[in-house]
Number of protein chains: 2
Amino acid sequence: MSTGALGEFELIARLTRDLESRADVLLGVGDDAALLRPPSGELLVATCDAQVAGQHFTLAASSAEEIGHKALAVNLSDLAATGAAPLWALVSLHLPRGLALETLDGIYAGIRALARRFDVAIVGGNITATEGPLAVDVTMLGACPPGRVLTRAGGRPGHALLLIGALGAAAAGVLAEAHPTELASLAPALRARAHQAHCAPEPLVLEGQVLAATGTTSALIDVSDGLAGDLGHICERSQVGAVIEAAALPIDPAAAAIARVLDRDPLDLALHGGEDYALLGSVPQEAIEHTLSALRAAGSAATIIGALTEPADGLRLRRAEGREIALEPRGWDHLLDHP
Amino acid sequence: MSTGALGEFELIARLTRDLESRADVLLGVGDDAALLRPPSGELLVATCDAQVAGQHFTLAASSAEEIGHKALAVNLSDLAATGAAPLWALVSLHLPRGLALETLDGIYAGIRALARRFDVAIVGGNITATEGPLAVDVTMLGACPPGRVLTRAGGRPGHALLLIGALGAAAAGVLAEAHPTELASLAPALRARAHQAHCAPEPLVLEGQVLAATGTTSALIDVSDGLAGDLGHICERSQVGAVIEAAALPIDPAAAAIARVLDRDPLDLALHGGEDYALLGSVPQEAIEHTLSALRAAGSAATIIGALTEPADGLRLRRAEGREIALEPRGWDHLLDHP
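Since the structure is predicted, the reported quantities are computational estimates derived from the model, not experimental observations. (Residues numbered from 1 in each chain as written. Chains lettered and ligands numbered in written order. Predicted model: local features only at pLDDT ≥ 70, side-chain atom pairs only at ≥ 80, totals over all residues. Heavy atoms only, no water.)

I would appreciate a short explanation of helix 10 (residues 288-297) of chain A in the present structure.
The α-helix advances 3.6 residues per turn, and as a result positions three or four apart in sequence lie on the same side. Residues and elements named next belong to chain A. Looking only at helix 10, the buried set comprises Ile288, Thr291, Leu292 and Leu295. The arc that holds the buried residues of helix 10, viewed along the axis, is 95°, so those residues lie on one side. Seen from the open side of helix 10, the exposed residues pointing more than 90 degrees away from its buried face are Glu289 and Ala297. Looking at the buried residues of helix 10, the elements they touch are strand 7 (160-164), helix 6 (205-214), strand 10 (278-283) and strand 11 (303-309). At the exit of helix 10 stands Gly299, carrying a positive phi of roughly 80°. (Buried < 20%, exposed > 50% of the residue type's maximum accessible area, 1.4 Å probe, protein only. Helix = DSSP H or I, 4+ residues; strand = E, 2+ residues; numbered from the N terminus. Arc of directions from axis to C-beta. Contact = heavy atoms within 4.5 Å.)

If you want it as structure tokens, here you go:
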């Protein structure tokens, strides 16, 4: 059955039936607006990000559940970079004519499953028809005590650069979609790993909260545009330079394997691939041990991948053999007209 | 110049340069998320709505500024229906390849002009490319003291139905776009009125706040899907029936004139046209005078258009000659496959 066989209100009722809620949701989906009780004395944290078919996913490569999962995950990742606790989300759907109802059901199932895991209530949204591709636009709200919230600013020369997560797997997942024949002999587990990184990334929400709670993290960002690009954002906002140790970068095994088969540089995937949804932070040298042990206690791990430097140094990469080169702070920019 | 000549970060910098802010915005556009200080002790009110080219507007009929204005206005109207004070908005843009930069500038100028009038800070957003039509997806946040917020529930049999604003003009604007030749002799002021109602509606934010402040409004909704459809929402949530007096409906003069020329029933435009962005509320009979005088003091006016009844009565229309007929609670549903 096509979504067009149902009207807007029937679709909304179908998707939001028995929606999980939270005690701080006084009124969720179904009125002109949601009524929410923000945690007393805390700051509100707000972000939004859209996933558009043909740009961020394809219906051929991703399951409907994965599309929903990713639409929420990329927003949770932004929130993770502030250390906030996620609370509520609003989901705006752009539906092409003739979209199968089961696809829409699957998208919402993916959204709800991830929302449940992070105790996020879907409190509002919108459904519109479009002559264009399917799009899922999510706004995510969270909260954080005022003194504890993390931003891209606050990094200082000398602070160590800490990375939680691995790099390059999502970019390798894109490559794997484009080159199925060349990668036919790849181990299924590696292919699945790259696929999941690209189509159903895991937001590091708890890790962001642990970093905020330590009180020692000076800056934090989620690596969504590529490590080099996002490190560039920290440098810009913190007014510092940075040097990355190539040998220290935690390149995902799937990225390494796929790069090898396709004769690509795994370092390039790690630096510029994008969509890693890792967390990149800075901590004073004397706080490294404390920070790593706090992460360990929470069942997580981090890698020291370099350090912040004086602003005049710019962004540099120290290659494995010791030579330092300038690093371009570029990620993949899907808005640019690429030649 | 096309938007594709600039990258995502250049576009964001261009659009958000010298963005108006508020004292409660600790960090606006430019980090992973915005940091906001909600008014102490108040409830948060959240809503989202999208405007999509070909569905809600066309670039041929609307100026870029009007598109931006409307994208914000429809959300302000939802917030108005709760009586909340608007605070912050997030703007998610879906940009087709090759969109002229001046169109994007115009859209943002329209958004900013209306935001300025209602003291709304644009605190975040997203820009994505799309192979589909231009879309502007807005999430709006506001706040309201807990005891004062209005919803669609709370109406009781006997309560008077009160309408602020006029009906049918936006639907007449759609008709005027489709029938320029037949309407060539229409007075330019009426044509302009219908155009503005359709392309740049005025959200009744202050009127919603006045109704909330009276303490006597039992239910409120904004009329966006058509009077009959939105009254149906109040009836459903308040578990009441309703009767509307056809003779009392404030049909916009532009709607009346355009309907006459095109041989359409103006009552049909008023009941089912949609996009009026009027406010429809219910008040106990003994509070009518107090409510109307509070609105008058704020420079506004309302019309009593009927009353809520027992639920078993359903939705009825009393025609001018006195005969009562059942009223279908339908508005325009652009998601349905129309034959």
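Help me understand the relation of the copies chain A and chain B, please; the structure alone is not making it clear to me.
Here two copies of a chain appear, and what relates them is a rotation about an axis with a shift along it. At an RMSD of 0.0 Å, chain A and chain B line up after a rotation of 180° and a shift of 0.0 Å along the axis. Between the two chains, the operation in question is that of a two-fold axis. For chain A, the smallest separation between a C-alpha atom and the rotation axis is recorded for Gly132 of chain A, amounting to 1.9 Å. A high fraction, 100%, of the interface residues of chain A reappear at the interface in chain B, so the copies pair face to face through one surface. (Least-squares fit on C-alpha atoms with pLDDT ≥ 70 in both.)

Is there a simple way to explain the pairing of strand 10 of chain A in this structure?
Along any regular strand the residues' side chains alternate between the sheet's two faces. All names here are of chain A. Within strand 10, six of the six residues are buried, leaving the element largely enclosed by the surrounding structure. Side chains Ala278, Leu280 and Ser282 of strand 10 all project onto a buried face; the interleaved residues Leu279, Gly281 and Val283 project onto the opposite face, where all are buried too. As paired elements, strand 7 and strand 10 share five bridges and run antiparallel to each other. The residue of strand 10 that forms the bridge with Leu161 is Ser282. As defined by bridge partners, strand 8 (residues 219-223) adjoins strand 10 across five bridges and the pair is classed as antiparallel. Counterpart to Ala219 in the pairing with strand 10 is Ser282. (Pairing = 2+ DSSP bridges.)

Please clarify how the interface of chain A and chain B should be interpreted in this entry.
How big an interface is tends to be stated in terms of the accessible area lost upon association of its parts. Facing 68 residues of chain A, the contacting portion of chain B comprises 69 residues. Summing the contributions of chain A and of chain B, the shared interface buries around 5,500 Å²; its carbon and sulfur component is 56%. Where chain A packs against chain B, one counts six salt bridges. A salt bridge links Arg152 of chain B to Asp31 of chain A, with the shortest nitrogen-to-oxygen separation between them at 3.7 Å. Counting the contacts that link chain A with chain B gives 25 residue pairs in polar contact (both at pLDDT 80 or more). Looking at the side of chain A that touches chain B element by element, the count peaks at nine residues for strand 3 (residues 43-52) of chain A. Of the pairings in the sheet, the one linking strand 3 of chain A to strand 2 (residues 34-36) of chain B comprises three bridges and is antiparallel in character. (Buried area = accessible area lost by both parts, 1.4 Å probe. Salt bridge = Lys/Arg side-chain N within 4 Å of Asp/Glu carboxyl O. Polar contact = N/O pair within 3.5 Å; in protein donor to acceptor, adjacent residues only side chain to side chain.)

Where do I start with the pattern of salt bridges in this structure?
Side chains bearing opposite charge may pair, as long as their charged atoms lie close to each other. Residues and elements named next belong to chain A. Applying the stated criterion across every chain yields a total of 35 salt bridges over all chains. Glu202 is paired through a salt bridge with Arg117; the nearest N and O atoms lie 2.3 Å apart. Of this pair, Glu202 sits in the loop between helix 5 (188-199) and helix 6 while Arg117 sits in helix 3 (residues 101-117), and the two are 85 residues apart along the sequence. For Glu202, a relative accessible area of 36% translates into the label partly exposed.

Before we go on, may I ask you to explain the pairing of strand 9 (residues 241-245) of chain A in this structure?
All names here are of chain A. Among the five residues that make up strand 9, four are buried, leaving the element largely enclosed by the rest of the structure. Of the strand pairs in this sheet, strand 9 and strand 11 are connected by four bridges, and their pairing is antiparallel. Within strand 11, the residue paired with Gly241 across the bridge is Thr309. As defined by bridge partners, strand 9 adjoins strand 12 (residues 315-318) across four bridges and the pair is classed as parallel. Bridged to Glu245 within strand 12 is Arg318.

Help me understand the sheet that holds strand 1 (residues 25-27) of chain B in this model?
By way of backbone hydrogen bonds, the strands of a sheet pair with one another, either parallel or antiparallel. If you walk across this open sheet you meet the six strands as 5(A)-4(A)-6(A)-3(A)-2(B)-1(B), and the pairing is mixed. Each end of this open sheet is capped by a strand with a single partner; those strands are strand 5 (121-130) of chain A together with strand 1 of chain B. Recorded for the sheet is a direction-independent mean angle of 20° between the axes of neighbouring strands. Bridging between strand 1 of chain B and strand 2 of chain B involves two bridges; their strand directions are antiparallel. When the bridges of strand 2 of chain B are listed, Val25 of chain B appears paired with Leu36 of chain B. Running over the sheet, helix 1 (residues 8-16) of chain A touches strand 4 (85-96) and strand 5 of chain A and is turned about 145° from strand 5 of chain A. (Axes fitted to C-alpha atoms, helices over the stretch in contact; angles between N-to-C directions.)

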